[in-house]
Amino acid sequence: MTAVAAPIDQLVKQVDGLNLDAVKAKFPDTYPDLNLMDLYRAHLANVLSEVTGVDTALIYPNLGWTSGLDKGDIALPVPSLRVKGKKPDELAQEWAAKFPDTDPLFTKPTVSQIHLSFFVKASPLVNAVIPLVQHKGAEYGFNKADGLKDPKDPSKGQKRIIVEFSSPNIAKPFHAGHLRSTIIGGFLSNLYAGAGWDVIRINYLGDWGKQYGLLALAYEKYGDEEALQKDPINHLFQLYVRINTEMTAEKEELTKRKEAGEDVSALEANSLDEQARRYFKKMTDRDADALAMWKRFRDLSIVRYKDTYARLNIHFDEYSGESQVSEEAMNKVGNLMEEKKICKEDKGAQLIDFSELVPGKEGKRLEKPLVRKRDGTALYLTRDISELLGRHEKYNFDKMIYVVASAQDLHLRQLFKIIELLGYKDIADKCQHINFGLVLGMSTRKGTVKFLDDILRDVADKMHEVMKKNENKYSQIEDPLATADVLGISSVMVQDMSGKRINNYTFNMETMTSFEGDTGPYLQYAHARLNSIRRKAGVSDEELATADLSLLTETSAINLCRHMAGWPDVVKNTLKTLEPTTVLTYLFKLTHALSSSYDQLQVVGSEPELMKARLALYTAVQTVLANGMRLIGLSPVDRYVSPGAPD
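The name recorded for the protein chain in an unreviewed UniProt entry is arginine--tRNA ligase, from Neurospora hispaniola. If you open the UniProt record of the protein chain and go to Sequence similarities (unreviewed entry), you find "Belongs to the class-I aminoacyl-tRNA synthetase family." Turning to the protein chain, the UniProt record has this under Catalytic activity (unreviewed entry): "tRNA(Arg) + L-arginine + ATP = L-arginyl-tRNA(Arg) + AMP + diphosphate".

Shown next, in the form of structure tokens:
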């Protein structure tokens, strides 16, 4: 018997006729050895079936979550059981009265009009959930079976998902949209990895096009080798801005001369714009020198990106990009679209008129995108079609997610529809666009260029200023600058995740770096305070394992256990919502319950056995809090400074 099996078995033994294998067989997609609430729901469905005469198969899926612990642990909307002959509010009263007084796991339900609310009994839950969290540790809440092709036969392997996210343009600012994509994509990658999927993280860089011809010209004229090595992204951006300004001025001058009747054809033929076009043509023709320069810019930028991503706990399995899609692949797609009469000629260019291909309003909404210009150049859509089909051939994925701003909604809908029209509906059905709104009012302290490094530096500086206000705590931190960096990153990420993805939000440094309210620093403080209590108590893991959990009778202790028991359900629900705020809302509820518990549950200075029991509770809460923080991409800190932090 494993260490964790004992408390769960004790819980099962309290219910006549209940066993784990029977629960798994009777109720699909339940894992009572990982999620206590699955066990509670299974038992409740059995009891309610006796009370109502309704089959458990109808009852179980209608046992839902409540909006808060004051509303119970499980709720049942009576109309969902579709019982005829009586009004739902009458049935609710009748069933509540019939519910057994002596049930081992639940008190009698409370009635709220047409809803029944069920509260778990404290002792069985407390004695089961704390050992389960202790045993599972960093894996508590996560069910690897979710990622299996066949949960009943693990030998068939994992499902594979590609998450494409971040995708900045080399030599251009890492703007707010890229920041959101990076944060949300990192979270989704963690979510699916925790659920047992084989996750492939792809960064699809904007690394191709005429602008790289222009950039190469700028480097030849103004490049600085030392500056390039030291800070490639910034240096290339400065060069690009400079040459772009020159090109714009040159175009304006040529336009004026042309309007004045002057022949400017010779000047146009050697203009910066034309030189850039010729240089990019050399790149597409695979000229060795031109490609070597471009590859150097790309490689140096990726090295720098990797350092920045590491600060955000993010890594990529593949740095792909527009450059990696071959002309041959795009020509093949173009020919296939012509063969299937998906695209048609229009003034020498190729476009798709969806209104002729897709009936009704949907066809009109998809508009008429160009796929190839008159000069034969493939456009983004053609490139993206080729890349998508190439990825499926390479990875044979079960699902692919594009984490891209809502401004690209139409582009992604067009892409998926073209894949379907090409005869690959099975592949199109595996693809999903995860969109998000805008970040408003975002600029750095030193200007409006929004490189990610600038943003993170500014917020870390702000956190460092705040930390220094508590001299006593500040002196105890081994590396205050590194801690300020982690806190700054937590600030940015939590503000980004606080609302639904699709909502716009205003970037507000004062709010996000506050230790009050639902912020990143607040979560970090909650974690560090639990760590501090553990340090001061000086109790070993072995001693904690022998704690007498029956001593935990206070309402605040029981509520923390109820919150912890709900964590696996939160993770499961997040796989449906794909919203970071689903996790964040839970974490703030947990930390609010934690914060209000300290007065009731003193650890250091209490009687030894009571101290052990309370510390076992707090250590379990710390594990769940850390699991949630890591899921959304935060690094939990162990020591922490806030202006009013207790010593």
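Colleague: I tried to follow the overall build of the protein chain on my own but got confused; where do I start?
Modeller: Looking only at helices and strands, the protein chain has 27 helices and 13 strands in total. Across its three principal directions, the C-alpha atoms of the protein chain cover 100 × 65 × 45 Å. Sorting the 647 residues of the protein chain into buried and exposed places 53% on the buried side. For the protein chain, long-range pairs separated by at least 24 residues make up 71% of all intrachain contacts whose partners lie at least 6 apart in sequence. As displayed, the protein chain offers around 29400 Å² of accessible surface, 50% of which is attributable to carbon and sulfur atoms. The centroid of the 83 positive side-chain charges in the protein chain is displaced by 3 Å from the centroid of its 89 negative side-chain charges.

Colleague: How should I be thinking about a positive patch on the surface in this particular structure?
Modeller: A grouping of Lys361, Lys364, Arg365 and Arg413 is seen on the molecular surface, where their side chains present a positively charged patch. No other element matches helix H15 (residues 360-365), which puts three residues into the positive patch. Within the fold, Lys361 resides in helix H15.

Colleague: How do you make sense of the pairing of strand E10 (residues 399-403) when you look at a structure like this?
Modeller: Buried residues dominate E10, accounting for five of its five residues. Here E10 shows no split at all, with Lys399, Ile401 and Val403 on one side and Met400 and Tyr402 on the other all buried. By the bridge criterion, four bridges tie E10 to strand E11 (residues 431-434) in an arrangement that is parallel. Bridge pairing in E11 places Tyr402 opposite His433.

Colleague: Is there a simple way to explain the pattern of salt bridges in this structure?
Modeller: Where side chains of opposite charge bring their charged atoms close, a pairing between them can arise. Considering all chains together, one arrives at 44 salt bridges under this definition. In this structure, Asp231 and Arg304 form a salt bridge, with 2.7 Å as the shortest nitrogen-oxygen distance. Taken together, the residues Asp231 in the loop between helix H9 (225-230) and helix H10 (232-259) and Arg304 in helix H13 (residues 288-311) connect sequence positions 73 residues apart. A salt bridge links Arg391 to Glu387; the shortest N-O distance between them is 2.8 Å. Note that Arg391 and Glu387 are positioned in helix H16 (residues 380-395) at a spacing of four residues, about one turn of the helix. Classification of Glu387 as buried rests on a relative accessible area of 11%. A network of salt bridges, in which partner residues are shared, links Asp231, Arg304, Arg311, Asp453 and Asp485.

Colleague: How should the sheet that holds strand E7 (residues 344-346) be read in this particular structure?
Modeller: The strands making up a sheet associate through hydrogen bonds between their backbones, and the pairing can be parallel or antiparallel. Taken in spatial order, the three strands of this open sheet run E7-E8-E9, and their pairing is antiparallel. What marks the edges here is a single partner per strand, and that holds for E7 and strand E9 (370-372). Sheet twist, expressed as the mean angle between neighbouring strand axes with direction ignored, is 50°. Note that strand E8 (residues 349-351) and E9 share two bridges and pair antiparallel. Across the sheet, the residue bridging to Gln350 is Arg372, located in E9.

Colleague: Explain the packing of aromatic side chains to me, please; I cannot follow it from the model alone.
Modeller: To describe a pair of aromatic rings, you give the distance between the ring centres and the angle between the ring planes. According to the stated counting rule, one finds 17 aromatic pairs in the structure shown. Seen in terms of ring centroids, Tyr40 and Phe106 are 5.6 Å apart; in terms of plane orientation they differ by 90°. Their pairing is edge-to-face. Taken together, the positions of Tyr40 in helix H3 (residues 36-52) and Phe106 in the loop between helix H5 (88-98) and strand E2 (110-112) put the pair 66 residues apart, joining distant regions of the chain. Judged by relative accessible area, which is 0%, Phe106 ranks as buried. Judged by centre distance (4.6 Å) and plane angle (35°), the ring pair of Phe165 and Phe316 falls under tilted. Of the two residues, Phe165 is situated in the loop between strand E4 (160-164) and helix H7 (176-194) and Phe316 in the loop between H13 and strand E6 (318-321); the sequence distance between them amounts to 151 residues. Pair check on accessibility: Phe165 and Phe316 agree, each one buried. Taken together, Phe165, Tyr305, Tyr309, Phe316 and Tyr319 form an aromatic cluster joined through their ring pairs. The positively charged end of Arg242 is found above the aromatic ring belonging to Tyr222, 3.5 Å away from the centroid.

Colleague: What exactly am I supposed to notice about the packing of helix H25 (residues 555-577) against helix H26 (residues 580-595) here?
Modeller: Geometry of a packed helix pair, given as the angle between the helix axes and the separation of the axes. At a minimum axis distance of 9 Å, the contact between H25 and H26 shows a crossing angle of 170°. The orientation of H25 with respect to H26, classified from their angle, is roughly antiparallel. Every residue of H26 that contacts H25 at Leu560, His563, Met564, Trp567, Val570, Asn573, Thr574 and Thr577 is listed here: Thr582, Val583, Tyr586, Lys589, Leu590, Ala593 and Leu594. Residue classes in the contact of H25 with H26 are distributed as nine nonpolar, five polar and one charged.

Colleague: It is not clear to me how the sheet that holds E2 should be interpreted in this structure. Could you clarify?
Modeller: Pairing is antiparallel in the open sheet, where three strands are placed in the order E1-E3-E2. In the strand order of this sheet, the two ends are held by strand E1 (74-77) and E2, each with one partner. Here the strands of the sheet are splayed against their neighbours by 25° on average, with no regard to which way each runs. Strand direction decides the pairing type here: E1 and strand E3 (residues 115-118), joined by four bridges, are antiparallel. Looking across to E3, one finds that Ala75 is bridged to Ser117.

Colleague: Any chance you could explain helix H23 (residues 520-537) here in plain terms?
Modeller: Since the α-helix turns once every 3.6 residues, residues separated by three or four places project in the same direction. The end-to-end C-alpha distance of H23 is 26 Å, a good match for the 26 Å that 18 residues give at a rise of 1.5 Å each. For H23, the tally of buried residues reaches 14 of 18 residues, placing the bulk of the element in the interior. Looking one or two residues beyond H23, the residue adopting positive phi is Gly538, at roughly 65°.

Colleague: Sorry if this is basic, but what is going on with the UniProt feature "domain: Arginyl tRNA synthetase N-terminal" (unreviewed entry) in the protein chain here?
Modeller: Here, UniProt's "domain: Arginyl tRNA synthetase N-terminal" (unreviewed entry) annotation points to residues 38-120. What you have in residues 38-120 is 36% helix and 13% strand, and the ends, taken at the C-alpha atoms, are 13 Å apart.

Colleague: Would you explain the nonpolar core in this entry?
Modeller: It is characteristic of soluble globular proteins that their nonpolar side chains tend to be buried jointly. Core analysis: the biggest nonpolar cluster contains 162 residues, and Tyr40, Ile130, Met564, Trp567 and Leu617 have the highest contact counts within it. No other element matches helix H27 (residues 608-631), which puts twelve residues into this core. With sequence-adjacent residues up to four places away left out, Met564 is seen in contact with Val129, Ile130, Val133, Tyr140, Tyr586, Leu617, Ala620, Val621 and Val624. Among the nonpolar cores identified, the runner-up in size contains 30 residues, and Ile342, Tyr395, Met400 and Leu422 belong to it.

Colleague: Even after reading the chapter, I still don't get the packing of H25 against H27, so can you show me in this structure?
Modeller: Relative orientation of the contacting elements H25 and H27 amounts to 35°, with a least axis distance of 10 Å. Like other packed secondary-structure pairs, H25 and H27 cross with a definite hand, here left-handed. Within the contact between the two elements, H25 uses Ala557, Leu560, Cys561, Met564 and Trp567 and H27 uses Leu617, Tyr618, Ala620, Val621, Val624, Asn627, Gly628 and Leu631.

Colleague: Would you explain the side chain of Glu579 in this entry?
Modeller: Mapped onto the elements, Glu579 comes out in the loop between H25 and H26. Taking relative accessible area as the criterion, Glu579 reaches 11% and is therefore assigned buried. In this structure, Glu579 is in contact with Phe187, Gly499, Lys500, Arg501 and Thr574, ignoring residues within four places of it in sequence.

Parameters at a glance
Residues numbered from 1 in each chain as written. Predicted model: local features only at pLDDT ≥ 70, side-chain atom pairs only at ≥ 80, totals over all residues. Heavy atoms only, no water. UniProt positions renumbered as here; feature names shortened; annotations may be inferred. Helix = DSSP H or I, 4+ residues; strand = E, 2+ residues; numbered from the N terminus. Buried < 20%, exposed > 50% of the residue type's maximum accessible area, 1.4 Å probe, protein only. Contact = heavy atoms within 4.5 Å. Areas by Shrake-Rupley, 256 points an atom, 1.4 Å probe, with all protein chains shown as cover. Lys, Arg positive; Asp, Glu negative; His and termini not counted. Charge placed at Lys NZ, Arg CZ, Asp CG, Glu CD. Patch = residues over 30% accessible without salt bridge, like charges linked within 9 Å, V, L, I, M, F, W, Y side chains within 5 Å. Salt bridge = Lys/Arg side-chain N within 4 Å of Asp/Glu carboxyl O. Pairing = 2+ DSSP bridges. Axes fitted to C-alpha atoms, helices over the stretch in contact; angles between N-to-C directions. Phe/Tyr/Trp six-rings, centres within 6.5 Å; stacked < 30°, edge-to-face > 60°. Lys NZ or Arg CZ within 6 Å of the ring centre and 35° of its normal. Parallel < 35°, antiparallel > 145°, perpendicular 65-115°, else oblique. Nonpolar A, V, L, I, M, F, W, Y, C, P; charged D, E, K, R; others polar. Expected span 1.5 Å × (residues − 1). Core = buried A, V, L, I, M, F, W, Y, C linked by side-chain atoms within 4.5 Å. Left-handed = near helix turned anticlockwise from the far one by under 90°.

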